[in-house]
Amino acid sequence: MTEPQPSRRRATVHDVAREAGVSRGTVSRVLNGGYVSEQARAAIEAAIRTVGYVPNTAARNLVMQRSRAVGFIVHEPHALFLEDPNIGAIMLGANTVLSDADLQMVCLVTDSARDTERVTRYLSGGFVDGVIIVSARAADPITDAVVRLGVPAAFVGHPQTTVPLPWVGIDNFTAARDITRQLAKTGRKRVGMVAAALDRDSGADRLAGFKEALGDTFDPDLVVEIPLYEYTAGLRATQELLERAPDVDGIFAASDAVAAGVLTALRRSGRTVPDDVGVVGFDDSSWAERCFPPLSTVHQPAAGVGERAAQLVVAQLAGQDVPRDGVLLDSPIVWRDSA
């Protein structure tokens, strides 16, 4: 029978100091970013490699009451979190900035009232130093908890309630208005919309921009509402729209994923795009170029939005003042063959 081997003792600051021939205080200054001579720093770094010292980050964070983590909170169903390319791009953009700042991202997806309660308790426990909130809803308990606890935070998109927190997004209203006007200028007379996610700022603003673009020609019967930015909902909504108005000749879809569903429904109905019906979307996501024909859409700088939101949180953690009136990034129209 093999005798159990004694576990190797974890190297300490004392071991590093002894190996480098310096005081423990000098080692601590190097570990905490303080000033020492280049000769002492080189000796300490060599000693760290020799003795295999690994800083006890957990203990240090406990003393400093810092987690070195930032929560990335997404208010979306789990399936949509995995399928929506915008959420992925926002998350990766944010993670790039947090990684550069030596901060860990913690992803928190809330798909139910139970999830919301759990995440609210998690925030109250101090497990993250800051949060980035995507798809915030009106009267959201998580937002209320963030404000109450004073957690450094930034929204992706502006919340529909007035809260003293910075946010990053695009001008959904103007972008929707402009692409609807461009669609109408192609000669469309009966323009409808598949409107999604009206319980958050992006969906509500896109519908408002659509109405503004059409003015007196806006017909509420040509708007079909769906709860989420998803392909299957776009398909079903278009089938309903065609039953209501067989003469519809233009459709603004609230997202590219929705627009892909619109195109499938039109194809199944025997209508051609753009000859019979012009279609435009929103996001310029990977859906847009996978569609046939390629989709005319609004470019949403999702990665840039995530990066800027993370920068706002990092700045707050550093004690810096940040703008509270929102940061808007450019969202140009990308015109392709679907309209």
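Above this text you will find the structure in question.
## What to know about the side chain of Asp84
Okay, so step 1: Following the sequence through the fold, Asp84 ends up in the loop between helix H5 (78–83) and helix H6 (85–100).
Okay, so step 2: It turns out Asp84 is buried and unbridged, and the closest side chain with the opposite charge, Arg200, is 7.2 Å from it.
Okay, so step 3: A polar side-chain atom of Asp84 sits 2.8 Å from the main-chain amide nitrogen of Asn86.

## Remarks on the pairing of strand S7 (residues 223–226)
Okay, so step 1: Alignment of strand S6 (residues 191–196) against S7, held across 4 bridges, turns out to be parallel. Within the sheet, the bridge partner assigned to Ala196 lies in S7 and is Ile226.
Okay, so step 2: Following the backbone out of S6, through helix H10 (residues 201–214) and into the adjacent parallel S7, one traces a crossover that is right-handed.

## Points about the sheet that holds strand S4 (residues 153–156)
Okay, so step 1: Strand order across the open sheet formed by 6 strands is S2-S1-S3-S4-S5-S11, with parallel pairing between neighbours. Two strands bound the open sheet, and with one partner strand each, they are strand S2 (104–109) and strand S11 (327–328).
Okay, so step 2: As judged from the 5 bridges shared by strand S1 (residues 69–74) and strand S3 (residues 130–134), these two strands associate in the parallel manner. By the bridge assignment, Ile73 is partnered in S3 with Ile133.
Okay, so step 3: Taken strand by strand, helix H7 (residues 113–124) contacts S1, S2 and S3, and its axis lies near 150° from that of S2.
Okay, so step 4: Sitting on the sheet, helix H8 (residues 141–149) touches S1, S3 and S4, and the angle it makes with S3 is about 155°.

## Quick notes on the nonpolar core
Okay, so step 1: Among the nonpolar cores identified, the biggest contains 47 residues, and Met193, Phe210, Ile251, Phe252, Val262, Leu266 and Val279 are the most heavily contacted of them.
Okay, so step 2: Once residues lying within four places of it in the same chain are set aside, the contact partners of Phe252 are Ala176, Ile179, Thr180, Leu183, Gly192, Met193, Val194, Arg206, Phe210, Val280, Gly281 and Phe282.
Okay, so step 3: By size, the runner-up hydrophobic cluster in this structure holds 28 residues, among which are Ile90, Leu103, Val109 and Ala309.

Reading guide: rules and limits
Residues numbered from 1 in each chain as written. Predicted model: local features only at pLDDT ≥ 70, side-chain atom pairs only at ≥ 80, totals over all residues. Heavy atoms only, no water. Helix = DSSP H or I, 4+ residues; strand = E, 2+ residues; numbered from the N terminus. Buried < 20%, exposed > 50% of the residue type's maximum accessible area, 1.4 Å probe, protein only. Lys, Arg positive; Asp, Glu negative; His and termini not counted. Salt bridge = Lys/Arg side-chain N within 4 Å of Asp/Glu carboxyl O. Polar contact = N/O pair within 3.5 Å; in protein donor to acceptor, adjacent residues only side chain to side chain. Pairing = 2+ DSSP bridges. Right-handed = clockwise from strand over helix to strand, strands pointing away. Contact = heavy atoms within 4.5 Å. Axes fitted to C-alpha atoms, helices over the stretch in contact; angles between N-to-C directions. Core = buried A, V, L, I, M, F, W, Y, C linked by side-chain atoms within 4.5 Å.

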